[in-house]
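# Examination of the molecular architecture
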Amino acid sequence: MKKIIDILTDKMQQAFADAGYDARLGVVTVSDRPDLCEYQCNGALAAAKQYKCAPIVIAKAVLEKLDASVFSSVDIVMPGFINLKLSDGFLTEYLEKMRTTPDFGVEKTGDGKTVVVDYGGANVAKPLHIGHLRAAIIGESLKRLYRFLGYNAIGDVHLGDWGLQMGLIITALKERQPELCYFDPDYTGEYPADPPFTLSDLEEIYPYASGKAKQDDDFAAQAHAATFELQKGRRGYRAIWEHIMRVSVTDLKKNYDDLDVHFEQWLGESDADKYIPDMVEEIKAKGMAVLSDGAWVIPVAEETDKKEIPPCILLKSDGSAIYATTDLATIVQRMRDWNPDKILYVTDKRQSLHFEQVFRAARKCALVRPDTALEHVGFGTMNGEDGKPFKTREGGVMRLAHLIAEIKDVVRGKVIENQIAEDKVESTTAKIALAALKYGDLSNSPAKDYIFDIDRFSAFEGNTGPYILYTIVRIKSILRKYGAYEHLPIQNAANDYARDLMLSIGRFSSCAEFALTSSAPNLICAYVYELAGAANKFYHETKILSEPDSALKEGYIALIALAKRVLETSISLLGFDAPEEM
Ligand code: ARG
């Protein structure tokens, strides 16, 4: 379905052309003065310069030619603004079409296209930190948005499972239990099926080992050597690695499940390993890599650069792979297996130089198709109330499970206060807590740092996730009381509040599209907040269930039912959903 804004722009452009002006001037936008009009066109002002003529004269000439069938009023205002209001008939028909078309008639701009969303990025055996929380929340939302607009969207967690942390753990394990068969180079038998450690052992070993490596050079050297040998394929180390993977991936999956974050692919840096040798050979053969202090690097600086972009390191001088190497090899794997039109990376914005280097290197070495887009969505830091990177109450590293538990504690109290049936308290609390957390994060533009404030985020009023849920829950309750409503058509707006609500609903597809092209879930939050506001206003100012005129009442019900569906779809794009009651 064409977006309202496009329908209006088409009509206006036709009028500009018919009046003898450049059609491109006829762009219609949502009004920035909703008290005066609903949509507006400022093209006559721009045309005035081009055609050396008073804007008011141009506006009048355009108006003569305008097909005004979709408008209830077209006003020309000095010095030459064209102010537009939609006709009742047009608006009602449009919403009725939205109501009866799958996904509200959103244009599936991604049909036939594939996008890989690389998000999550947890590091195996290392604690998840706040950055990983943001990567999960923002990435999941973007992936759902792409999928909604028709893309084949593949979410890949891209685990950090091939780095020094593995060598550190192996070394610490060896120090503690040197007798284990994994460390015996002559051992040729099968390795035990059960891991020689538990999840809580692992959680203790990593901080111990990384702390020790900082003070003990010999230990650090051993850990580096172990990492190198693991990557070279040493059997016993590989077996330990597999144990580490099984134990921590099980735990990670649970963490992500609790966040309602789901990946299609659980690949990691290690999966890129097998593509490295051929890729390196190919890049060298193409002459794209040069030796620099023994390391192979790909120069990626360009003349137009305003700041220095250092070369992308392909292999370190000892021949080992680094972060950039695995990212390049992962591109090779993704192109080979999925041939995507776009790869989107969601990480902390402090990695932006890394991705700039990797993207340039990938293009230069033709690892991607020329028309495959590579985009980095870099996000800011989640800070505590002191303005410093967020820590838990105890001040230690953030643990996702604890963070969610803290939010739940705040929310649970309110749920109990609202007398939710006992057997629904936990599931309702979980949904509200997730909405508080995700909306609190997503309502900021990704690149911005923001302050994590549990009390503000979990308030049932204001610009918060729970407020949005509350709006939906309230509509659900009216609909339950009303009875069957699915067949009721949209009617002309019965009052100004209904009209505002209808205008908001009508903007849904523009908003979804714009959020996607700007990689900005915050635009969906802003839309949802506006829509919820309009729905609440309508509800407050209109007697719905007690309306005696049944035809009028049917129109009210059809309208709030559509508002509810659009709200529900919007929050599903943000990654959460509403309970029945709260
Ligand atoms: N594991 C990385 C980290 O914790 C994030 C991975 C992001 N994705 C990527 N393809 N580099 O910083």
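Described below are features of the structure shown in this document. (Residues numbered from 1 in each chain as written. Predicted model: local features only at pLDDT ≥ 70, side-chain atom pairs only at ≥ 80, totals over all residues. Heavy atoms only, no water.)

Turning our attention to the site of the ligand. Around the ligand, the neighbouring residues are Asp118, Gly121, Asn123, His132, His158, Tyr323, Asp327, Tyr345, Thr347, Gln351 and Phe355. With respect to the ligand, the side chain of Asp118 contributes an N or O atom lying 2.8 Å from a nitrogen atom. The side chain of Tyr323 places a nitrogen or oxygen atom 2.7 Å from a nitrogen atom of the ligand. Relative to its unbound accessible area of 350 Å², the ligand is 89% covered by the protein chains. (Near = heavy atom within 4 Å. Polar contact = N/O pair within 3.5 Å; in protein donor to acceptor, adjacent residues only side chain to side chain. Areas by Shrake-Rupley, 256 points an atom, 1.4 Å probe, with all protein chains shown as cover.)

Position of Asp161 among the secondary structure elements: in the loop between strand S6 (152–156) and helix H6 (164–176). An unpaired buried charge is present at Asp161: no salt bridge exists, and Arg238, the closest side chain of opposite charge, is 7.9 Å distant. Among residues more than four places away in sequence, those in contact with Asp161 are Val124, Met166, Trp241, Met245, Gly268, Glu269 and Ser270. (Helix = DSSP H or I, 4+ residues; strand = E, 2+ residues; numbered from the N terminus. Buried < 20%, exposed > 50% of the residue type's maximum accessible area, 1.4 Å probe, protein only. Lys, Arg positive; Asp, Glu negative; His and termini not counted. Salt bridge = Lys/Arg side-chain N within 4 Å of Asp/Glu carboxyl O. Contact = heavy atoms within 4.5 Å.)

The next point concerns the pattern of salt bridges. Close approach of charged atoms lets side chains of opposite charge pair. Taken as a whole and assessed by the stated rule, the structure comprises 42 salt bridges. Between Lys564 and Glu568 there is a salt bridge; the shortest N-O distance is 3.7 Å. In this pair, Lys564 and Glu568 are both assigned in helix H21 (residues 550–574), four residues apart and thus about one turn of the helix distant. Among the residues examined, Lys564 registers a relative accessible area of 11% and is labelled buried.

Side chains of nonpolar character tend, in soluble globular proteins, to be buried together. Among the nonpolar cores identified, the biggest contains 163 residues, and Leu95 and Ile505 are the most heavily contacted of them. Among the elements that line this core, the one with the most residues is H21, at 13 residues. Discounting chain neighbours no more than four positions away, the residues touching Leu95 are Ile490, Met502, Ile505, Gly506, Leu559 and Leu562. Ranked by size, the runner-up nonpolar core spans 34 residues in total, among them Leu267, Ile298, Val300 and Ala362. (Core = buried A, V, L, I, M, F, W, Y, C linked by side-chain atoms within 4.5 Å.)

Pairing within the open sheet is antiparallel, and its three strands lie in the order S7-S8-S9. In this open sheet, the two edge strands, each paired with only one partner strand, are strand S7 (290–292) and strand S9 (312–315). On average, adjacent strands in this sheet sit at an angle of 50° to one another, irrespective of strand direction. For S7 and strand S8 (residues 295–298), the ladder comprises three bridges, and the chain directions are antiparallel. Residue pairing for S8: Ser292 is matched across the bridge by Ala295. Contacting S8 and S9, helix H11 (residues 276–285) runs over the sheet at an angle of about 120° to S9. (Pairing = 2+ DSSP bridges. Axes fitted to C-alpha atoms, helices over the stretch in contact; angles between N-to-C directions.)

Right, let's talk about the packing of H6 against helix H7 (residues 199–215) for a bit. Closest axis-to-axis distance for the H6/H7 pair is 9 Å, and the angle between their directions is 95°. Classed by the angle they form, the pair H6 and H7 counts as roughly perpendicular. Residues Gln165, Leu168, Ile169, Ala172, Leu173, Glu175 and Arg176 of H6 lie in contact with H7, whose contacting residues are Leu202, Glu204, Ile205, Tyr206, Tyr208, Ala209, Ser210, Lys212 and Ala213. (Parallel < 35°, antiparallel > 145°, perpendicular 65-115°, else oblique.)

Look at helix H1 (residues 4–18): 21 Å from first C-alpha to last across 15 residues, which is about the 21 Å you get at 1.5 Å a residue. Here H1 has its buried residues at Ile4, Ile5, Ile7, Leu8, Thr9, Met12, Ala15 and Phe16. Trailing H1 by a residue or two, Gly20 shows a phi angle of about 95°, which is positive. (Expected span 1.5 Å × (residues − 1).)

To continue, consider the pairing of strand S3 (residues 71–77). Direction of pairing for S3 relative to strand S4 (residues 81–86): antiparallel, over a ladder of six bridges. Bridging from a neighbouring strand, Val77 pairs with Phe81 of S4. In sequence, S3 turns back onto S4 through a hairpin of three residues.

Turning to the packing of aromatic side chains, a few remarks are in order. Here a ring pair, both rings aromatic, is described through the centre-centre distance and the interplanar angle of the planes. Under the criterion given, the structure shown has 23 aromatic pairs. The interplanar angle of 80° and the centroid separation of 5.5 Å between the aromatic rings of Phe104 and Phe508 together place this pair among those described as edge-to-face. Of the two residues, Phe104 sits in the loop between helix H4 (88–100) and strand S5 (114–118) while Phe508 sits in helix H19 (residues 508–517), which places them 404 residues apart along the sequence. The pair formed by Phe104 and Phe508 is uniform in burial state, with each residue classed as buried. Through a chain of ring-to-ring contacts, the aromatic side chains of Phe104, Phe148, Phe508 and Tyr527 assemble into a single cluster. Looking at Arg176, its charged tip hangs above the ring of Tyr208, at a distance of 4.7 Å from the centre. Of note, Arg234 hangs over the ring of Tyr237, and the distance from its end group to the ring centre comes to 4.1 Å. (Phe/Tyr/Trp six-rings, centres within 6.5 Å; stacked < 30°, edge-to-face > 60°. Lys NZ or Arg CZ within 6 Å of the ring centre and 35° of its normal.)

Time to look at the sheet that holds S5. With parallel pairing, the four strands of this open sheet are ordered in space as S6-S5-S10-S11. Every interior strand has two partners, whereas the edge strands, S6 and strand S11 (373–379), have only one. The average angle at which neighbouring strand axes cross in this sheet is 20°, direction not considered. Of the strand pairs in this sheet, S5 and strand S10 (residues 342–348) are connected by four bridges, and their pairing is parallel. In the strand pairing of S10, Val115 is matched with Lys342.

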